[in-house]
Structure formats: structure tokens, C-alpha cells
Amino acid sequence: MQKSHDLAPDSAQPAVRTVVVPAAGMGTRFLPATKTVPKELLPVVDTPGIELIAEEAAALGAERLAIVVAPEKQEIMRHFGEFSALRNRLMERGKDEQAEKVSRANGLIHAVAVTQDEPLGLGHAVGCAEAALDAEEDVVAVMLPDDLVLPAGVMEKMVRVREEFGGSVLCAFNVTEDEVFNYGVFDVVPADGDVAGVEVLKVRGMVEKPSKEEAPSTLVATGRYLLDRAVFDALTRITPGKGGELQLTDAIELMIQEGHPVHVVVHDGKRHDLGNPGGYIPANVDFGLRDEKYGPALYTAIKQIIADFEAEHPEVLARGEQA
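Residues numbered from 1 in each chain as written. Predicted model: local features only at pLDDT ≥ 70, side-chain atom pairs only at ≥ 80, totals over all residues. Heavy atoms only, no water.

Per an unreviewed UniProt entry, the protein chain goes by the name UTP--glucose-1-phosphate uridylyltransferase and belongs to Corynebacterium stercoris. Listed in UniProt under the heading Sequence similarities (unreviewed entry), the comment for the protein chain reads: "Belongs to the UDPGP type 2 family." (UniProt positions renumbered as here; feature names shortened; annotations may be inferred.)

S.K.: How should I be thinking about the pattern of salt bridges in this particular structure?
M.R.: A full pass over the atoms with the stated rule returns 23 salt bridges. Here aspartate 146 and arginine 29 are joined by a salt bridge, their closest N and O atoms 4.0 Å apart. Linking aspartate 146 in the loop between β6 (139-143) and β7 (147-150) with arginine 29 in the loop between β1 (18-22) and β2 (43-44), this pair joins segments that are 117 residues apart in sequence. Judged by its relative accessible area of 19%, aspartate 146 is buried. Here arginine 29 falls in the partly exposed class, since its relative accessible area comes to 48%. Between glutamate 258 and arginine 237 there is a salt bridge; the shortest N-O distance is 2.8 Å. Remark: arginine 237 occurs in the loop between α8 (230-235) and α9 (248-257) and glutamate 258 occurs in the loop between α9 and β12 (262-266); sequence separation between them is 21 residues. Judged by relative accessible area, glutamate 258 falls into the partly exposed class, the value being 48%. Overall, arginine 237 belongs to the partly exposed group, its relative accessible area being 40%. Residues participating in the shared-partner salt-bridge network are Arg17, Glu63, Arg64, Asp134, Glu136 and Glu137. (Salt bridge = Lys/Arg side-chain N within 4 Å of Asp/Glu carboxyl O. Helix = DSSP H or I, 4+ residues; strand = E, 2+ residues; numbered from the N terminus. Buried < 20%, exposed > 50% of the residue type's maximum accessible area, 1.4 Å probe, protein only.)

S.K.: Is there a simple way to explain the packing of helix α4 (residues 84-92) against helix α5 (residues 96-108) in this structure?
M.R.: The description of two packed helices rests on the angle between their axes and on the distance between the axes. Two numbers describe how α4 lies on α5: the axes approach to 8 Å, and their chain directions differ by 170°. Taken as axis vectors, α4 and α5 run roughly antiparallel relative to one another. Judged by the twist between their axes, the crossing of α4 over α5 is left-handed. Of the residues in α5, those touching α4 at Leu86, Arg87, Leu90 and Met91 are Asp96, Gln98, Ala99, Val102 and Ser103. Class assignment of the residues belonging to the contact of α4 with α5 gives a composition of five nonpolar, two polar and two charged. (Axes fitted to C-alpha atoms, helices over the stretch in contact; angles between N-to-C directions. Parallel < 35°, antiparallel > 145°, perpendicular 65-115°, else oblique. Left-handed = near helix turned anticlockwise from the far one by under 90°. Contact = heavy atoms within 4.5 Å. Nonpolar A, V, L, I, M, F, W, Y, C, P; charged D, E, K, R; others polar.)

S.K.: How do you make sense of the UniProt feature "domain: Nucleotidyl transferase" (unreviewed entry) in the protein chain when you look at a structure like this?
M.R.: Residues annotated in UniProt with the feature "domain: Nucleotidyl transferase" (unreviewed entry) correspond here to residues 20-285. Annotation note: span residues 20-285, helix share 31%, strand share 26%, distance between end C-alpha atoms 28 Å.

S.K.: Would you mind going over the packing of aromatic side chains with me for this structure?
M.R.: For any pair of aromatic rings, the description consists of the separation of the ring centres together with the inter-plane angle of the planes. This model, assessed by the stated rule, comprises one aromatic pair. Considering the side-chain rings of phenylalanine 30 and tyrosine 280, the 5.4 Å spacing of their centres and the 85° angle between planes classify their relative orientation as edge-to-face. A residue pair is termed long-range when its members are at least 10 positions apart, and phenylalanine 30 in the loop between β1 and β2 and tyrosine 280 in helix α10 (residues 277-289) qualify at 250 residues. Here phenylalanine 30 matches tyrosine 280 in class, with each residue buried. (Phe/Tyr/Trp six-rings, centres within 6.5 Å; stacked < 30°, edge-to-face > 60°.)

This is the structure in C-alpha cells:
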């Protein structure tokens, strides 16, 4: 497993006090596992995805993790409890390392629950969390638990960009033209200035899941947002879309139209999508290979699995050689 010193950024910025984590979804892409286990608690090697997000939020310097949950998904909040009896039992048996893992989530950051009674979209989920902020907070971070953005530290770059330009800052990844239909795509122009060591662009607009012919760029939104508090007002003024859902991108688009500065940090790294098995499995392989305990044996096992698979399916190997 990638340890905390691997995920931690070079320096923490205390500019953000609250991180909102929308986690009220039904996890339908992981059924039947998510009938009883929220997808946010599925482990990446041995650590639930929600705990990795909490670690990232703590590294940012945030004090509060506002987790938006459905009424029936309180198991997520239980993960951030103390588990004193279990911890003490492990310590009595000399299993200090396991005891530390049990108590780690509770010590990372103060987690609070925000209940979303109905699944009415990402924008609605973020709007529900305004009550968790203190009155003087003028910015809020949003981290989607499905997205692992590596290497960590992109939120710290986004804080620096906000300090330079004000407004809101989003994280962008470059994808191929054939992939843009899966994402919200940015319409961007050069920024009126720069931030050392950060690729920054100004956002003129966003297009949700366009065809490659209609896409204004190949820069797409991923699950990291640094939003001016004005977003909560914008969320009250947008119209629900398909399924009656309020979309966060619609609120950001409204803010742009009204002259609110929005910039993107183009992240040079990788992203794992934990929201579906096709992304979750590679994430476990990636993290597992880098784990000091499991990595060496996993590497050997994967090589053998691939060799066996290629022997059983020579047509796959042939296609790979032609590519």
C-alpha cells in the first residue's frame, strides 16, 4: 500500500478548512458487493478509498471532512469512529501495526455527516454541505471519492492558483479525443498570469459529455474542485436537468457567465477511477505493486497470470503485437 509519506504533498496549505466528499450514491456499478458495503469502503489493497481521500484532505491542512451520505449509508461514518475495544484487543496481543491501522482514520481529520435524503445530483449533494461550513469560510474543497489523483498535491497547487487569481479552481486532465464523451470538457484560454511550476488556464465554459466533434478541448474535469463560496448561491439558481438532478458543472457555468473567475490546473499525473470495477481493479494492481509487503509477490503473480492468459488466448497476444 502507498503509505502516508508517499501520498503527502511537499507542504500543506491551511487555506481550506472544509472538504466536501459526496458519498451518497448507490454504487450500482459494483453490485452485488454494494448491497451491504458502500463502495467508498471497498479497499484499495487494505485501505478504503474514503480513507485515502481523508488522508489527502488532512495533507491539505483541512480541519473537517463533510461526508455527504444517504440515510442508509451510515457505515461510512462508522469507519471514522474510534474502535477502542478492537484497538486495545490488538495491542494486548502485540499487534501494534494492526492497532494503528484501526485507529488511523479517526485521527486523520474530523469527519462529519451531511445527509442527502434523495439522490438529486452532484450539485445537490454539494449544496447540502453548506451547513457544515463556518460562517467565515469563503472557499470549500470538493473531492470525489471515486477519483484517486496521483501524485497527490494537486489541491495545494489549486490553492496557490486561487491566491493568485481568486475565484474557483478546478483540476483538469488531458484525455484522447475518443474519450471526451465521458466527461465534462473545458473551453479554455491562456491565463492572465502564471503560477510557478503550475500549468494554469482560464475557463470560458464547460460542455458536459460532448461528442469529439463538439468538444472545445481534450481537457476534462476530474474529481477535485476548489470552489468559492458563491457556488452555493449559484446552486440555488440553476435548473434541474435529466432525472431532476442538479449538476455542479451547471452552477460553475453560471458563475462563469456572471464574471466569476474560474481556472484549471492541468495535472501531469494519473487518475484511478474507483467508481467502477474497470478502474478499481487497476488501482489495486498499481497500489499493490508499490506496496513493500505485497509488491514483490504480486509482481511475480501478475507476470504468471499474464503468461498463462496469453498461452490460453494467443489471439489477444497477436492483436497486441500488431498494435
